[in-house]
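Residues per chain, in single letters:
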Amino acid sequence: MRAGLAVLSVLAVMSCSPTEQESPSLPPLDATLSGQEARLLFGAAQGPDAGPSAVVGGYARGCLAGGARLPETGPTWAAMRLSRNRNWGHPELVDFVQDFSARVAEQTSWRGLYVGDLTQPRGGPMLSGHVSHQSGLDADIWMLPPTRFDLSAAERENLSSISTRSAGGARVGENWTPTHMEVMRLAATDPRVARIFVFTGAKVWMCDNATGDRDWLRKIRPAVGHHYHFHVRLHCPAGSPHCEAQDEMPPGDGCDEARARAELILNPPPPDPNYVPPPPRPPMTLADLPRQCAALLGDL
């Protein structure tokens, strides 16, 4: 009961002005509730809350109010792994995915997109697999060119994407095609997109092969993994005053930095005999999230 009252107290401040919401006078969370693992709380939500749509917090420490669902099938997309219940996002993300898939179908040889994880119905930390994807502004797009969209539930669970890397991620592999670059260029030139994460070798290949206007390359950022899919991240949308934007990207197209990363993959330095790995991070609790996130759990 006390935990429920604490959630309702936080819910009341959701309608206050931004200054009031950020005030340190917000009521404290109940100790029992605040110490619970956030991934278990947000992972239990099967649908969105009933409030208006808004992003709260950051991509790796946030939540989503008024989430929208990406339909499992459209004329140019199919949502995959539906059992995870991660085909949710801020309405701007859902609109972006549909718009982007239509542009891909119109302007490339692909028929559209296979769409991986967006976020949970109310965002927050996930039960497995991601550190980010918490605020409804991230989408994973498969590297596998789609052949059809009327997939059964079983096909969406069992069909696999393709790896497009070689040499440990320093180079592209045999599954990589120039169309992969064109698809990512279409995403990067959308003003809603803040960053695109992909493996290092793909960034290097695009740096070596892109012609014409190359400004979009700045949004392509090397990241570990990301060879079965690439990760699109949107800017904070209008109407979300508590959305935390990522730091500005460094100047330049990032190509020299990507080439340096590739060289380190191919020729890593010898291991440091004195290196001590940091202790594992403890699970994120509800108290670790922005205070407004607790309100999204009030009806669970």
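Refer to the structure above for everything that follows.
Throughout this document, residue positions are counted from 1 along each chain, in the order its sequence is written. Reporting in this predicted model follows two pLDDT cut-offs: at least 70 for local features of residues, and 80 or more for side-chain atom pairs to be given and counted; totals over whole chains, interfaces and linings ignore these cut-offs and use all residues. Side-chain numbers come from the whole structure's heavy atoms, not from hydrogens or water.

## A closer look at the environment of A38
Of note, A38 is situated in helix α4 (residues 38-43). Remark: the alpha-carbon pair of A38 and T285, spanning 247 residues in sequence, is separated by 4.7 Å. Setting aside anything within four residues of it in sequence, one finds A38 in contact with G43, P125, M284, T285, L286 and L289. A run of H or I in DSSP counts as a helix once it spans at least four residues, and a run of E counts as a strand once it spans at least two, with each numbered from the N terminus. We call two residues contacting when some pair of their heavy atoms lies within 4.5 Å.

## Notes on the pairing of strand β1 (residues 54-58)
For β1, the buried fraction is high: five of the five residues fall into the buried class. We call two strands paired when DSSP finds no fewer than two bridges between them. Taken together, the five bridges between β1 and strand β2 (residues 61-65) define a ladder with antiparallel strand orientation. Bridge pairing in β2 links V56 to C63. Between the end of β1 and the start of β2, which pair antiparallel, lie two residues. Only protein chains enter the accessibility calculation, which uses a 1.4 Å probe. A residue is then buried if its area is under 20% of the maximum for its type, exposed if over 50%, and partly exposed in between.

## Describing the packing of helix α8 (residues 200-209) against helix α9 (residues 255-266)
To get an axis, fit a line to the C-alpha atoms, keeping to the stretch in contact for a helix; angles then go from 0 to 180 degrees between the N-to-C directions. Closest axis-to-axis distance for the α8/α9 pair is 9 Å, and the angle between their directions is 135 degrees. The angle between α8 and α9 places the two elements in the oblique class. For the pair α8 and α9, the sense of crossing is left-handed. Here α8 contributes T200, K203, V204, C207 and D208 to the contact with α9, which in turn contributes C255, A258, R259, R261, A262 and I265. Residues belonging to the contact of α8 with α9 are distributed by class as follows: six nonpolar, one polar and four charged. Between 65 and 115 degrees an angle is taken as roughly perpendicular, under 35 as roughly parallel, over 145 as roughly antiparallel, and anywhere else as oblique. Definitions for this section: a left-handed crossing has its near helix turned counterclockwise from the far helix by less than a right angle. A right-handed crossing has that turn clockwise. Each residue gets one label: Ala, Val, Leu, Ile, Met, Phe, Trp, Tyr, Cys and Pro are nonpolar, Asp, Glu, Lys and Arg are charged, and the others, such as Gly, are polar.

## Observations concerning the packing of aromatic side chains
Two measures describe an aromatic ring pair: the distance that separates the ring centres and the angle between the ring planes. Centres within 6.5 Å make a pair out of two Phe, Tyr or Trp rings, where for Trp the six-membered ring is used; the pair is then stacked when the planes are under 30 degrees apart, edge-to-face when over 60, and tilted otherwise. Taken as a whole and assessed by the stated rule, the structure comprises five aromatic pairs. Ring geometry for Y114 and W142: centres 6.1 Å apart, planes at 80 degrees, overall edge-to-face. One end of the pair, Y114, is in strand β7 (residues 113-115); the other, W142, is in strand β8 (residues 138-142), with 28 residues separating them in the sequence. Side by side, Y114 and W142 carry an identical accessibility label, which is buried. By the ring-pair criterion, three or more aromatic residues cluster together here, those being Y114, W142 and F149. In this analysis the charged atom, NZ for Lys or CZ for Arg, is taken to sit over a ring once it is within 6 Å of the ring centre and within 35 degrees of the ring normal. The aromatic ring of Y59 is capped on one face by R233, whose charged end is 4.2 Å from the ring centroid.

## Some details on the packing of helix α5 (residues 91-107) against helix α7 (residues 178-188)
Axis separation between α5 and α7 bottoms out at 10 Å; the angle between their running directions is 135 degrees. Between α5 and α7, the angle is such that the two are oblique. The hand of the α5/α7 crossing is right-handed. Of the residues in α7, those touching α5 at F96, F100, R103, V104 and Q107 are V183, L186 and A187. For the contact of α5 with α7, the per-class residue count stands at six nonpolar, one polar and one charged.

## Describing the pattern of salt bridges
Salt-bridge detection follows one rule: a side-chain nitrogen of Lys or Arg within 4 Å of a carboxyl oxygen of Asp or Glu. Evaluation of the coordinates by the stated rule reveals 14 salt bridges. For the salt bridge of R84 with D117, the shortest nitrogen-to-oxygen distance reads 3.3 Å. Placement of R84 in the loop between β5 (77-79) and β6 (88-89) and of D117 in the loop between β7 and β8 is noted, with a sequence separation of 33 residues between them. Of the charged contacts in the structure, one is a salt bridge between D138 and R233, with a shortest N-O distance of 2.7 Å. Remark: R233 occurs in strand β13 (residues 229-234) and D138 occurs in strand β8; sequence separation between them is 95 residues. Its relative accessible area of 0% is what places D138 among the buried residues. Note on R233: relative accessible area 6%, which makes it buried. Through salt bridges that share partners, R84, R86 and D117 make up one connected network.

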